[in-house]
Amino acid sequence: MRLKDLCLGLALITLGAQAHAAEGAALAKAQGIPYPAVIAHRGASHDAPESTAPAYQLARDLGADYLELDLQRSRDGVLVVVHDDDLRRTSDVAERFPERQASPVSAFTLAELKSLDAGSWFNRAYPERARAAFAGLRILTLDEVLDIAEANPARTPGLYIETKVPAQFPGIEQDLHKALDQRGWLDRPGRVVLQSFDRDSLALLHKAMPQVPKVLLLWLGKDHVEPAPGPSFADSGAADKAAFYARQQPKDRAEFERWLDHARAAGAIGTGPSAALAGGGEQSYADLVQPWMNRMSHDKGLLVHVYTVDEPVDFKRVSEAGVDGIFTNRTGALLRFHGRPVVKDEATLLGENGW
């Protein structure tokens, strides 16, 4: 290939990428959503225990656009912020309630949930980031996360809320609407974004809050985007789950498009697809943010917010592929990648908040 032709090809690629970014920016602006969006996955959960006060305070003070949270309901009807279906990974439930340690979150009253230590596990898992003040942290309610989001007038993030295992919590969509409305959080477009892997829940959220942007989370697998034919991970004999998932592809383009149409039918303005990460790891899944996928999403008027990306090499790749926002555990790292000001470092901010 002649140098002139190569330069022309690179210029066309650059122009195409710029046009692609402009499309995403316009879609985001129409919904009142920042572009590119920095979404603090369970708070700044690299630096503090996920879904706890220090994680959300840190993400807020660093300048995240959104605090992301998973919503469940206690046995006595209170909306609480917990990711897993049960409490074993992120609390001392095995010591406090050994007979009930495998029970779902919904089996516990708020008082029982508040009796758990939701921070010490982090100190054991990540001794290099441990802090004595993390021991004894409590599970938060939705209202407490709202309090955190509102507490720094200079940096007030939005909320990005997932209905978690919604079939276990009939009516949670209406409960969420009532809670947000009472606190005045439905006052402007884009302040709250709602998300779910469950199309039925997304449709119920749309019925309850038609004015609030919604995102259908995408996954490659059973009852989600159908993969190309081949053995499951369990049957494949592969040892590296991340490498296995990185090789997986949708059955065909029509299958991926079908799920974009599902998103639109449920009232979504965007999708939340998974990504394959350069370094693998437990957050690395099928690559559902390939450039053609993002172009197809934009052509259908859908934003793309990818989960969950923490390293600069992956920030760069998914951004160049055309995503419009990133879920990350490392809020500060993503802000720095985008050239956005981070006034103080993570350790300083944690200390200023008493952690």
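Structural data are supplied above this passage.
These numbers come from a predicted model, not from an experiment.

## Description of the overall build of the chain
Right, on to step 1. Per the secondary structure count, the chain includes 15 helices and ten strands.
Right, on to step 2. Taken over the C-alpha trace, the chain has a radius of gyration of 20 Å; the compact-globule value for 355 residues is 20 Å, and the two agree within 12%.
Right, on to step 3. Along the first, second and third principal axes, the C-alpha atoms of the chain reach 70 × 45 × 45 Å.
Right, on to step 4. Out of the 355 residues in the chain, the part that is buried amounts to 52%.
Right, on to step 5. A fraction of 65% describes how many contacts in the chain between residues 6 or more apart in sequence connect residues 24 or more apart.
Right, on to step 6. Surface accessibility of the chain: about 15500 Å² in total, with carbon and sulfur atoms responsible for 54%.
Right, on to step 7. Within the chain, the 48 negative side-chain charges are centred at a point lying 3 Å from the centre of the 40 positive side-chain charges.

## Focus: unusual backbone geometry
Right, on to step 1. At the junction of Y35 and P36, the peptide bond is cis and its omega measures out at -15 degrees in the coordinates.
Right, on to step 2. With respect to the helices, strands and loops of the structure, P36 is situated in the loop between α1 (3-31) and β1 (37-40).
Right, on to step 3. Backbone geometry places R42, a non-glycine residue, at a positive phi of 55 degrees.
Right, on to step 4. Here R42 lies in the loop between β1 and α2 (53-62).
Right, on to step 5. On the accessibility criterion, R42 (13% relative accessible area) is buried.

## So, the layout of surface pockets
Taking a probe equal in size to a water molecule and rolling it over the atoms shows the remaining empty space.
Right, on to step 1. Put simply, the largest pocket is a space of about 1100 Å³.
Right, on to step 2. What lines the largest pocket is a set of 44 residues, and nearest its centre among them are H41, R42, Q283, Y285 and T308.
Right, on to step 3. For the lining of the largest pocket, the elements supplying multiple residues, two or more each, are β2 (66-73), α5 (120-125), β5 (158-163), β6 (192-196) and α13 (312-321).
Right, on to step 4. Taken together, the residues of the lining of the largest pocket sort by class into 15 nonpolar, 13 polar and 16 charged.

Definitions and limits used
- Residues numbered from 1 in each chain as written.
- Predicted model: local features only at pLDDT ≥ 70, side-chain atom pairs only at ≥ 80, totals over all residues.
- Heavy atoms only, no water.
- Helix = DSSP H or I, 4+ residues; strand = E, 2+ residues; numbered from the N terminus.
- Rg over C-alpha atoms; globule rule 2.2 N^0.38 Å.
- Buried < 20%, exposed > 50% of the residue type's maximum accessible area, 1.4 Å probe, protein only.
- Contact = heavy atoms within 4.5 Å.
- Areas by Shrake-Rupley, 256 points an atom, 1.4 Å probe, with all protein chains shown as cover.
- Lys, Arg positive; Asp, Glu negative; His and termini not counted.
- Charge placed at Lys NZ, Arg CZ, Asp CG, Glu CD.
- 1 Å grid on protein atoms, 1.4 Å probe; cavity = no way out; pocket = protein on both sides within 12 Å on 5 of 7 lines; lining within 4 Å.
- Points joined across faces, edges and corners; volume = space filled by probe spheres on them.
- Nonpolar A, V, L, I, M, F, W, Y, C, P; charged D, E, K, R; others polar.

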